[in-house]
Amino acid sequence: MLSIKNLHVNVEGKEILRGLNLEIGKGEVHAIMGPNGSGKSTLSYVLAGRDGYEVTEGEVIFEGKNLLEMEPEERAWAGVFLAMQYPVELPGVNNMTFLREALNAVRKGRGEEELDAVAFMKLIREKAELVKLPEKLLKRSVNAGFSGGEKKRNEILQMALLEPKLAILDETDSGLDIDALRVVAEGVNSLRSPERSFLVITHYQRLLDYIEPDHVHVLAHGQIIRSGDKSLALELEEKGYGWILEEEAAA
Amino acid sequence: MSTQRELDDLVKAGYEAGFVTEVESDTLPPGLNEDTIRFISAKKKEPEWMLEYRLKAYRHWLTMEEPDWAHLKIDPIDYQAISYYSAPKKAGEGPKSLDEVDPELIETYNKLGIPLEEQKALAGVAVDAVFDSVSVATTFREELAKAGVIFCSISEAVHEYPELVKKYLGSVVPHTDNFFACLNAAVFSDGTFVYVPEGVRCPMELSTYFRINEAKTGQFERTLIIADKCAYVSYLEGCTAPMRDENQLHAAVVELIALEDAKIKYSTVQNWYPGDENGVGGIYNFVTKRGDCRGDRSHISWTQVETGSAITWKYPSCILQGDDSVGEFYSVAVTRGWQQADTGTKMYHFGRNTRSTIVSKGISAAHGQNAYRGLVRMGPKAENARNHTQCDSLLIGDQCGAHTFPYIEVRNPTAKVEHEATTSKISEDQLFYCRQRGLKEEDAVSMIVNGFCKEVFNELPMEFAVEARKLLNITLEGAVG
């Protein structure tokens, strides 16, 4: 479903990704781990289409289409979802309104009927229950004054609502205590399906105790330098990133 | 319709009210002297005292100079090149029933979304339609009369209710107040008069729709609203003008008087022609609006949504004389293209326990310049008076500007004044976030802007809040990019 070949990306003239290759199949969960500054967030932003990330070489094919030629909203309609590390606040924009507008924009983009207010209310209650987001947060401004955990739950709620084919989780575990982490992970797990793939970007192994990956990759210096199964994550947890980097330098 | 015209319309898309009505009119040649004023007064068959009032104002105006303190760049205005009176010929004289109104005019208001036929009108809204210099129709008069509410053009009020007019006209904004108010006092041609008697809650929203049509014409309307003891009225003003290459002057005066326990809610959705993409043409909107909370526990609330005009210069103000009286000002001002706005409010606290709230939201896009200018004055007798001011600016793009000029004068040690101000940009983070969730960029901007304006829109009567939101979306279309 997603095929990244030899991807080179510059940010402000500096090369951050240097020939990254990654294949994600339908229904698979891939984890990308790596030290700070290795290019993890850059990868998620490039896939979502953020401005300021210049692709100098390589290609990204998503469901047979050239992802890099699409606008960010077109990627969302096609089924790419990015749960952000730092969800932004939209003061004065009612969360419920935002969710409805987003859902209807995506449905429209997918050639589906827009949902009326009643059907939407039913759906949103159901999905909010899934991520245990208190209903009062639906009535507040988007993310404004939300705690770290509430913001991340709001992200997962949006994911549940927009039903993406590829969900990218960018450091979703950062800033969460263990209880919040569990709630978020349960939300994600409930969305796992043979039709939906996940790319879980994280610095720590901790999140992977809850969201079990099929594949684990180590990203360093803008390339994937090692891939394996979930045991690789445990090894990293135990030994840190140093040994892999040393092995790579020696090779 | 020729192809050229279609093309022109397409190029100018974005200002939907920019058409011209082909109607024969009676227009005074440009120029201003005492004869002009005598002509206007004679045309309206005014009593002698009204003419005297005008002439006194005119003579005083000759001694005044245009103000230059605002944060605005204004090309010199040639007051002799303006026509001070224009009326559609078939408008006839004095009060008229809707059957006698020129169908062209009714069609004009229909096109603007203001149906004058009562059965088609917005439920519960009575309209006074002012076209160039005259009022062409006032709806629901009979129904209002049953409640004892007077709602008519000010020309009629001069004839029908001279005592009320004499008592209140110029009592809040004297002709000596400022250059433009003084000019208005000399040449005002029409406007709306409202009187709500003691204890009456006006049964519907009142509204005036101002339309400038004729070229090279200024519009100088005068609005006078009086809410007697324990009365309540909600009033809305809307305005548009055709697209023309020249700058047209709109210098209005609005006076509100609230007696004991009365409340007046005054809302404006201003959509005068803002000029083209190069800053050519557009309305100069130089308006003096002031409300007087004359009685104890009276309440005056101004809400304005300013999206139009090449230049906006206005400060709807409250004089809080009565003890425990309340003044409010909620404003959204948008400047885009080459528009300039210098707007805000003045709150004069004279009475004890007087309270005022100011919420100002300025939005600047493209080359727009937006200034908030506000005065809060706590007089020596204003025991325990309170003011809270919140003044937020939102910038879209990097060529526009936002400026804040708050003036605070406190002469009573028990008074409290709070001022909060923020300036923000629609951030790239916010736009990306919205687009990642599937929203198009324009929709994302409009959602963020509407969120920014929410506190003010909440103050508008419902139909007009919808209108204001739509207008804001049209106005900001293509502002990003």
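Residues numbered from 1 in each chain as written. Chains lettered and ligands numbered in written order. Predicted model: local features only at pLDDT ≥ 70, side-chain atom pairs only at ≥ 80, totals over all residues. Heavy atoms only, no water.

### Considering the state of the cysteines
Residues and elements named next belong to chain B.
- The tally for this structure, following the rule as stated, stands at 0 disulfides over all chains.
- You can see C230 has no disulfide; the closest cysteine sulfur is in C293, sitting 14 Å from it.
- Not engaged in a disulfide, the cysteine C434 finds its nearest cysteine sulfur in C453; these two sulfurs lie 15 Å apart. (Disulfide = S-S within 2.5 Å.)

### Topic: the confidence of the model for chain B
All names here are of chain B.
- This prediction gives chain B a mean pLDDT of 83; 84% of its residues lie at or above 70.
- Segment residues 1–13 is flagged for pLDDT under 50; beyond a separation of four residues in sequence, or across chains, it makes 3 contacts in the model.
- This model gives residues 91–95 a pLDDT under 50, and the stretch forms 5 contacts once residues within four places in sequence are excluded.
- Among the scores for the predicted complex, ipTM is 0.95 and pTM is 0.80. (pLDDT = per-residue confidence, 0-100. Contact = heavy atoms within 4.5 Å.)

### Some remarks on the sheet that holds strand β5 (residues 65–66) of chain A
Residue and element names in this part refer to chain A.
- The 4 strands lie next to each other as β2-β1-β4-β5, forming an open sheet whose pairing is antiparallel. The sheet is open, and its two borders are formed by β2 (14–24) and β5, each paired with just one other strand.
- Sheet analysis places strand β1 (residues 2–11) next to β2, joined by 8 bridges and oriented antiparallel. By the bridge assignment for β2, I4 is matched with L22.
- Of the strands in this sheet, β1, β2 and β4 (53–62) are in contact with helix α1 (residues 40–48), which crosses β1 at around 110 degrees. (Pairing = 2+ DSSP bridges. Helix = DSSP H or I, 4+ residues; strand = E, 2+ residues; numbered from the N terminus. Axes fitted to C-alpha atoms, helices over the stretch in contact; angles between N-to-C directions.)

### Brief notes about the interface of chain A and chain B
- Chain A puts 33 residues into the contact, and the matching count from chain B is 18 residues.
- For the chain A and chain B pair, buried surface summed over both sides reaches about 2,100 Å², with 61% attributable to carbon and sulfur atoms.
- Of all residues in chain A, A:R50, A:E73 and A:V88 bury the most surface against chain B, accounting for 26% of the area lost on that side.
- For the interface between chain A and chain B, the tally reads 5 salt bridges.
- The closest approach of N and O atoms between B:R435 and A:E71, which form a salt bridge, is 2.7 Å.
- Linking chain A to chain B there are 15 residue pairs in polar contact (both at pLDDT 80 or more). (Buried area = accessible area lost by both parts, 1.4 Å probe. Salt bridge = Lys/Arg side-chain N within 4 Å of Asp/Glu carboxyl O. Polar contact = N/O pair within 3.5 Å; in protein donor to acceptor, adjacent residues only side chain to side chain.)

### Details of helix α6 (residues 178–190) of chain A
All names here are of chain A.
- The terminal C-alpha atoms of α6 lie 18 Å apart, and with 13 residues this matches the ideal 18 Å at 1.5 Å per residue to within 8%.
- Regarding α6, the residues found buried are A180, L181, V183, V184, A185, G187 and V188.
- For α6, the N-terminal capping position is held by D177, with its side-chain oxygen 3.2 Å away from the main-chain nitrogen of D179. (Expected span 1.5 Å × (residues − 1). Buried < 20%, exposed > 50% of the residue type's maximum accessible area, 1.4 Å probe, protein only.)

### Some details on empty space enclosed by the protein
- What the rule picks out here adds up to 2 cavities of 30 Å³ or more.
- The space that makes up the largest cavity amounts to roughly 100 Å³.
- Along the wall of the largest cavity there are 16 residues; nearest its centre are B:S360, B:G362, B:N370, B:A371 and B:Y372.
- For the lining of the largest cavity, the elements supplying multiple residues, two or more each, are β17 (326–335), β19 (355–365), β20 (369–378), β21 (386–396) and β22 (401–410) of chain B.
- In terms of residue count, β19(B) provides more of the lining of the largest cavity than any other element does, 5 residues in total.
- The class makeup of the residues in the lining of the largest cavity is 6 nonpolar, 8 polar and 2 charged.
- Approximately 30 Å³ is the volume found for the second largest cavity.
- For the second largest cavity, the full set of lining residues is A:A76, A:G79, A:V80, A:F81, A:V106, A:R110, A:L162, A:P164, B:Q436 and B:R437.
- For the lining of the second largest cavity, the residue count by class is 6 nonpolar, 2 polar and 2 charged. (1 Å grid on protein atoms, 1.4 Å probe; cavity = no way out; pocket = protein on both sides within 12 Å on 5 of 7 lines; lining within 4 Å. Points joined across faces, edges and corners; volume = space filled by probe spheres on them. Nonpolar A, V, L, I, M, F, W, Y, C, P; charged D, E, K, R; others polar.)

### A closer look at the packing of aromatic side chains
- Taken as a whole, this structure holds 21 aromatic pairs over all chains when the rule is applied.
- Ring geometry for A:F98 versus B:Y433: centroids 5.9 Å apart, planes at 10 degrees, classification stacked. Residue A:F98 is found in helix α3 (residues 95–109), and its partner B:Y433 is found in helix α9 (residues 428–436); the two belong to separate chains. Of the two residues examined, A:F98 and B:Y433, each falls in the buried class.
- For B:R54, the ring lying beneath its charged end belongs to B:F188, and the centroid distance is 4.3 Å.
- In this structure, B:R201 packs its charged tip against the face of B:Y232, placed 4.1 Å from the ring centre. (Phe/Tyr/Trp six-rings, centres within 6.5 Å; stacked < 30°, edge-to-face > 60°. Lys NZ or Arg CZ within 6 Å of the ring centre and 35° of its normal.)

### A few points about the sheet that holds strand β6 (residues 80–83) of chain A
Residue and element names in this part refer to chain A.
- As summarised here, the arrangement of the 6 strands in space is β6-β9-β10-β3-β11-β12, forming an open sheet in which the pairing is mixed. Each end of this open sheet is capped by a strand with a single partner; those strands are β6 and β12 (223–228). Each strand axis lies, on average, 20 degrees off the axis of its neighbour in the sheet, ignoring direction.
- Here strand β3 (residues 29–33) pairs with strand β11 (residues 215–220) via 4 bridges, running parallel.

### A look at the nonpolar core
Residue and element names in this part refer to chain B.
- Counting residues in each nonpolar core, the largest one holds 63 residues, and the members touching the most others are I363 and V449.
- When near neighbours in sequence (up to four residues on either side) are disregarded, V449 contacts I363, L394, I396, I426, L472 and L476.
- Core analysis: the second largest hydrophobic core is formed by 56 residues, Y79, L164, V172 and V187 among them. (Core = buried A, V, L, I, M, F, W, Y, C linked by side-chain atoms within 4.5 Å.)

### Here we look at the side chain of A:E73
- One can find A:E73 in helix α2 (residues 72–78).
- On the accessibility criterion, A:E73 (8% relative accessible area) is buried.

### Concerning the packing of α9(B) against helix α10 (residues 441–457) of chain B
Residues and elements named next belong to chain B.
- Put simply, α9 and α10 touch, their axes get as near as 9 Å, and they point 120 degrees apart. Considering their axes alone, α9 and α10 lie oblique with respect to each other. Of the two possible hands of crossing, α9 and α10 adopt the one that is right-handed. Seen from α9, the contacting residues are Q430, L431, C434 and R435; seen from α10, they are E441, A444, V445 and I448.
- Partitioning the contact of α9 with α10 into residue classes produces 5 nonpolar, 1 polar and 2 charged. (Parallel < 35°, antiparallel > 145°, perpendicular 65-115°, else oblique. Left-handed = near helix turned anticlockwise from the far one by under 90°.)

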